[in-house]
Amino acid sequence: MAKAHRDYHPAKHTAAPRARATHRRVEIPKDAEQLELKLSGREVKLTNLKKLFWPELKITKRDLLQYYADVSSVLLPHLQDRAMVMKRYPNGAAGEFFFMKRAPSPRPAWIELCSIEHGSGNIIDFPIIQDLAALLWVINLGCIDLNQWYARCDDVDRPDYLHFDLDPVPGAKFEQVLETALAVREALDSLGMPSYPKTTGSKGIHIYVPILRGPTQKQIWTIAKEIAHVLASANPQLITAIYKVANRPKGRVLVDYNQNAWGRTLASIYSVRPTPKACVSTPVKWKEIEKGIKIDDFRIDNVRKRIEKLGDLWNPLLDKRKRFDLQPYLK
DNA sequence: GGTACAA
DNA sequence: TTGTACCAACGCATT
DNA sequence: AATGCG
Ligand SMILES: [Mn+2]
Ligand SMILES: [Mn+2]
């Protein structure tokens, strides 16, 4: 394999034979402490099912697994073919966490891998979450939210989207995040870029733009940076794009373009977050942002009902067509 | 959450 | 048998 | 070259 450098990161996708049936509702029993589930012929062992992941809310690890099983049909397409960074909370939402990139062993033979060479020469075998069995396997490891790469495994330096990560600087209220989101949409509209918002489930909003695959992550970063700085200068009382924390004016909303970088990730759509109320990163309509929403309107206990009603509002992010062509904007 | 290894 | 360590790492900006 | 940042 050729050596990795800034704009070239070889990767190899190790795929097992596919068994990707869409499932009827999978029901995880409430009375078992551990069990093995057989899903399309794949056995996955689920453990510590009665452990309280949110003690105050009486939400168990079993309940978290059940949530992910229930949303899997809308979630899995967004994870397809992407390396997954695991953020593991074996002792629940308030417990300590650690990041893990290598798919741990032993593991089921059907866990697919994305082997990515890093600039340092390190080669890391990330897991890819391709089906319900793999999803439950990774949640059982203690993952609460899911953090997948922006680029698919067959070309890990050419992402499928550009995004803006809106973070309130201390002192800023969520209303300002909403206002900033609308300003970002307006700027993207004027460039002809389609844009889709979701709550992060934590404190901010993510806005994604589906793009035609082609530009490198670095080129996408450059464009996002330009847009963020234009927005900040046009709305200096509301928005900042300053990278250094100490120089960042208080009470503004950071339009963080810096996450558009190789090997970085954000919490995925439909991820439960390790917050006190078990909030979920939830796609919303621009109309809802205009009307006003709150982060904790969307939680592990009510998002399933919303999905039943609205389907996957981010389905356009998966569309092969109707993706924005950044080519004319590349330097 | 699960393994490896030391005590 | 129990206890503890381990489990990631990029690249750009600033200094 | 080392540190800060997310
Ligand atoms: Mn954020
Ligand atoms: Mn951020």
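Just so it is clear, the structure is predicted and the values come from calculations on it, not from any experiment.

Asks: Even after reading the chapter, I still don't get the confidence of the model for chain A, so can you show me in this structure?
Replies: Keep in mind that low pLDDT regions are not for reading the predicted coordinates in detail. Put simply, chain A has an average pLDDT of 93, and 95% of its residues get 70 or more. The complex model carries a pTM of 0.95, and its ipTM stands at 0.89.

Asks: Explanation requested: the state of the cysteines in the structure shown.
Replies: Note: disulfide means a covalent bond formed between the sulfur atoms of two cysteine side chains. Enumeration according to the criterion identifies one disulfide in this entry. Disulfide partner of cysteine 114: cysteine 153, at an S-S distance of 2.1 Å. Because the sign of the S-S torsion sets the handedness, a value of about 95° for the bond joining cysteine 114 and cysteine 153 places this disulfide among the right-handed ones. Separated by 39 residues along the polypeptide, cysteine 114 in strand S8 (residues 112-117) and cysteine 153 in the loop between strand S10 (143-148) and strand S11 (161-168) bring together distant segments of the chain. Both residues of the pair, cysteine 114 and cysteine 153, count as buried. Distance from the sulfur of cysteine 143, which forms no disulfide, to the nearest cysteine sulfur (cysteine 114) is 17 Å. You can call cysteine 143 buried: its relative accessible area is 1%.

Asks: Got a minute to help me understand the coordination of the manganese ion (ligand 1) in this structure?
Replies: For a metal bound by four donors in a tetrahedral arrangement, the ideal donor-metal-donor angle is 109.5 degrees, while six donors in an octahedral arrangement ideally sit at 90 or 180 degrees. Protein-derived coordination of the manganese ion (ligand 1) comes from Asp165 (OD) and Asp167 (OD), at a distance range of 2.1 to 2.2 Å. A separation of 3.7 Å is found between the manganese ion (ligand 1) and the manganese ion (ligand 2), which share aspartate 165 as a coordinating residue. When its relative accessible area of 6% is taken as the criterion, aspartate 165 is described as buried.

Asks: I would appreciate a short explanation of the protein's contact with DNA strand D in the present structure.
Replies: The full set of residues close to DNA strand D is Tyr243, Val245, Arg248, Asp256, Gln259 and Arg264. The sugar-phosphate backbone supplies 52% of the atoms of DNA strand D found within 4 Å of the protein. With respect to DNA strand D, the side chain of arginine 248 contributes an N or O atom lying 2.9 Å from a phosphate oxygen. At a separation of 2.6 Å, a sugar or linking oxygen of DNA strand D approaches a polar side-chain atom of glutamine 259. Considering only residue class, the surface near DNA strand D consists of two nonpolar, one polar and three charged.

Asks: Sorry, what's going on with the nonpolar core here?
Replies: Nonpolar side chains in soluble globular proteins tend to be buried together. Grouped together as the largest cluster of nonpolar side chains are 95 residues, with contacts concentrated most on Tyr68, Leu135, Leu166 and Val272. In terms of residues, this core owes the most to one element, helix H1 (residues 61-79), which gives 10 residues. When residues are assigned to domains, this core turns out to be shared by domain 1 (24-148) and domain 2 (158-264 + 320-329), each giving three or more. In this view, valine 272 contacts Trp54, Leu64, Tyr67, Tyr68, Ile144, Asp145, Ala278, Cys279, Val280 and Ile300; residues no more than four positions away in its chain are not counted. One finds Cys114, Ile124, Ile128 and Cys153 within the second-largest nonpolar core, a separate group that totals 10 residues.

Asks: Got a minute to help me understand the coordination of the manganese ion (ligand 2) in this structure?
Replies: Summarising the metal site, the manganese ion (ligand 2) is bound by the protein donors Asp165 (OD), Asp167 (OD) and Asp256 (OD), whose distances to it range over 2.2 to 2.3 Å. Here the donor residues of the manganese ion (ligand 2) share one chain and are spaced in sequence as D-x1-D-x88-D.

Asks: How should I be thinking about H1 in this particular structure?
Replies: Along an α-helix, a turn takes 3.6 residues, which lines up residues three or four apart on a common side. Between the first and last C-alpha of H1 there are merely 21 Å, a value that for 19 residues lags more than 12% behind the 27 Å anticipated at 1.5 Å per step. The principal kink in H1, of about 75°, is found at serine 72. In terms of residue burial, H1 counts as a mostly covered element, since 16 of its 19 residues are buried. Looking one or two places after H1, you find aspartate 81, whose phi comes out positive at around 65°.

Asks: Please explain the sheet that holds S11 as it appears in this structure.
Replies: Strand pairing within a sheet occurs via backbone hydrogen bonds; the two strands may be parallel or antiparallel. Strand order in the open sheet formed by five strands is S12-S13-S11-S15-S14, and the pairing between neighbours is mixed. Because the sheet does not close on itself, it has two edges, and the strands there are strand S12 (196-199) and strand S14 (239-240). With six bridges connecting them, S11 and strand S13 (residues 205-210) associate as antiparallel partners. Looking at the pairing, tyrosine 161 lines up with proline 210 of S13. The sheet contacts of helix H3 (residues 174-190) involve S11, S13, S14 and strand S15 (253-256), and relative to S13 the element is tilted by about 15°.

Asks: Sorry, what's going on with the pairing of strand S9 (residues 123-128) here?
Replies: Looking along a regular strand, one sees the side chains alternate between the two faces of the sheet. Note: S8 against S9, six bridges, orientation antiparallel. Each residue of the ladder has a partner; that of isoleucine 116, found in S9, is isoleucine 124. Counted along the chain from S8 to the antiparallel partner S9, the turn is five residues long, and its residue glycine 121 has a positive phi close to 100°.

Asks: Quick question: what am I supposed to make of the protein's contact with DNA strand B here?
Replies: Not every one of the 14 residues close to DNA strand B is listed here, only the nearest: Asn48, Lys61, Arg88, Pro90 and Asn140. Sugar plus phosphate: this is where 56% of the atoms of DNA strand B within 4 Å of the protein reside. A distance of 3.3 Å separates a phosphate oxygen of DNA strand B from a polar atom in the side chain of threonine 47. In this structure, arginine 88 approaches DNA strand B through a side-chain N or O atom, which is 2.9 Å from a base nitrogen. Its residues assigned to classes, the surface near DNA strand B comprises six nonpolar, five polar and three charged.

Rules behind the numbers
- Residues numbered from 1 in each chain as written.
- Chains lettered and ligands numbered in written order.
- Predicted model: local features only at pLDDT ≥ 70, side-chain atom pairs only at ≥ 80, totals over all residues.
- Heavy atoms only, no water.
- pLDDT = per-residue confidence, 0-100.
- Disulfide = S-S within 2.5 Å.
- Helix = DSSP H or I, 4+ residues; strand = E, 2+ residues; numbered from the N terminus.
- Buried < 20%, exposed > 50% of the residue type's maximum accessible area, 1.4 Å probe, protein only.
- Donors = N, O, S within 2.8 Å, 3.2 Å for Na, K, Ca; no water.
- Near = heavy atom within 4 Å.
- Polar contact = N/O pair within 3.5 Å; in protein donor to acceptor, adjacent residues only side chain to side chain.
- Nonpolar A, V, L, I, M, F, W, Y, C, P; charged D, E, K, R; others polar.
- Core = buried A, V, L, I, M, F, W, Y, C linked by side-chain atoms within 4.5 Å.
- Domains from an automatic or database assignment.
- Contact = heavy atoms within 4.5 Å.
- Expected span 1.5 Å × (residues − 1).
- Bend = angle between axes of the 7 residues up to and from the residue.
- Pairing = 2+ DSSP bridges.
- Axes fitted to C-alpha atoms, helices over the stretch in contact; angles between N-to-C directions.

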